[in-house]
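# Architecture at a glance
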Amino acid sequence: MRMPTRVEFAPVEGAAALFTPPFCEYLTRLHDRLDRTARDLRKRRLAVLERALKQQTLPTHPPPSEANSGTWRVPPVPDDLKKPGIEISGPCSITSMFINALNPGPEGERAAGDLDDDEDSGGHRLVDTVRAAHNRLAAVNRELTFVDSQRSRTYAIADGELPFFMHRERGLHLDEPDVAIDGQPVNAALLGTALTLFYAGRAQADRGQGIYFYLPKLEAAAEARWYRDLFDLSRRHLPFLEPATIRAVVLVESLPCVYEMEEMLYELGPYAAGLNAARWDLKASIFEFVMTDPAQVWPDRFGVDIKTTPFLANIFRRLVAISLKRGAVPIGGMATALPNPDPDVNRAAAEAIRADKQWEAEQGFIRAWVAHIFHMKVAGDPFKTLIGAGWKPTAQMANPDNYPIVINVPAGPITVEGTRRNARMLIEYVEGWLAGRGAKGIDSLEGKPGIHPALMEDLATGRMSVAQIAQRILHHARDAKSGADHDEVLVRRLLNEELADIVARRQGGETHERYRKATRIAMRWIKNYTELNFRSLGAYTRAELERIAAEPDAF
């Protein structure tokens, strides 16, 4: 559809109500000022990655500057962002899940904050971004409802104080192919942030609420500056934002970002609020940067625990130290276990979550994430209890120099069964993606003995699984016991065996066909990684994925 402006957009449901002339004027102004810079930043990213892949030269710290040696601090953080406890994360484009996330859990408590996500758990289609924009606005106004006619169930926001909203849009590395300005696809981060500020942001400003964002996939301080410019331009163009509180938390989920955490807070300036320990994407990013180094082949990712892997633990201790030094809030990682009909599975999941969050609280994190309201209390209590008892971080914990960054290979075995779990996770995840879901509950040990709850998996674990399989193929990694050599033949066999097992457990011809397509797409995704093409699944259109699914197997 063409507006009487320079903007064109696909006529998905709900889009016309958002792409009004005033919004298109605002979006165009942002595009004119920021698009070229975003593309230059992408080129810089690629140069840093290529240096690592071709020369085994990893990113490092920027030279001394005011950003890393001055005495500055971020502006005072709003009180709600300093709340200890838990945030709940999920796709805000799936209305029923969004409403559930805003409501109390089984113990009657709400999360402190809601991570309303259009990134790693979003579907990465224009219709998802449009639904997310509508749902955010309706949620702020407490008007959001949903009727599930198939289940005869109505969803509505319960009475009481809502969690604060943490908006997460897609990253600046992605374009939205279904929205164009002058025939050129618009930057996905720019589009999502603009929609949120223009609609939900206005409603939040009118209510005196802070407008908070998580900034995903940042790799350089200059990218944080790009967001600062976006917020500044938005304030100048949208008068209702001038008195509003806009703050952002950087997701530390790329290896280059690890070296520039302090500089990113500095470049965000008046919008800086905190840092988040995004574990899964960080592991995936490390895989990508060391992909060509035969000395950096990792063991099964399922055994690489932040708490027991010293160099990873130190990265996040450094995150906390920088936050303490600069007056920012440090936010921990995700508890992904989903509820199960078996109480023994739920007890085991709760024990693991409690131990994980207790560790994070003791490192100085004030809050973390959970994937389901069922586990909100067990995940949130360690932070509330420790901070409520008056515990304070030590002076040592506030010194980043105590936690130098060193990238090592974690301890643990390389096994074919670990590769099999990655393969199964990928098939299941891509099947959900084809059905329009960016997050899906997956048990990668389905049918095997033992206690293993399903986990809410998202694009980050899909990316991590692909990267680990590709790394093992590239370096012919051998199974620690059998000596079996990882190659394309082995991985194809594992994918096909897992596909056969999954299809035997599911019903419906349409479902079976979607799993078969998912397997072919997963194979191509892995093949691309072995060719050092780390393109995000979110960068493929659905038409491209259908074409890949119709092609011969990638290997």
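Below: a short report on this structure. (Residues numbered from 1 in each chain as written. Predicted model: local features only at pLDDT ≥ 70, side-chain atom pairs only at ≥ 80, totals over all residues. Heavy atoms only, no water.)

## Let's talk about the sheet that holds strand β1 (residues 7-9)
- On the basis of which strands lie adjacent, the open sheet formed by three strands has the order β1-β7-β8 and antiparallel pairing. Every interior strand has two partners, whereas the edge strands, β1 and β8 (184-187), have only one. The sheet shows a mean angle of 55° between the axes of neighbouring strands, taken without regard to direction.
- As paired elements, strand β7 (residues 175-181) and β8 share four bridges and run antiparallel to each other. The residue bridging Ile-181 from the neighbouring strand is Gln-184, located in β8. (Pairing = 2+ DSSP bridges. Helix = DSSP H or I, 4+ residues; strand = E, 2+ residues; numbered from the N terminus. Axes fitted to C-alpha atoms, helices over the stretch in contact; angles between N-to-C directions.)

## Considering the pairing of strand β3 (residues 113-117)
- Of all five residues in β3, five are buried; the element is thus mostly enclosed.
- Where burial is concerned, the two faces of β3 agree: the one with Gly-113, Leu-115 and Asp-117 and the one with Asp-114 and Asp-116 are both buried.
- In terms of strand pairing, strand β2 (residues 85-91) meets β3 through five bridges, oriented parallel. Within β3, the position partnered with Gly-90 by the bridge is Asp-116.
- Taken together, β2, helix α4 (residues 95-102) and β3 form a β-α-β motif whose crossover is right-handed.
- Where β3 and strand β6 (residues 164-168) come together, five bridges link them in parallel fashion. Residue pairing across strands places Asp-114 opposite Phe-165, the latter belonging to β6. (Buried < 20%, exposed > 50% of the residue type's maximum accessible area, 1.4 Å probe, protein only. Right-handed = clockwise from strand over helix to strand, strands pointing away.)

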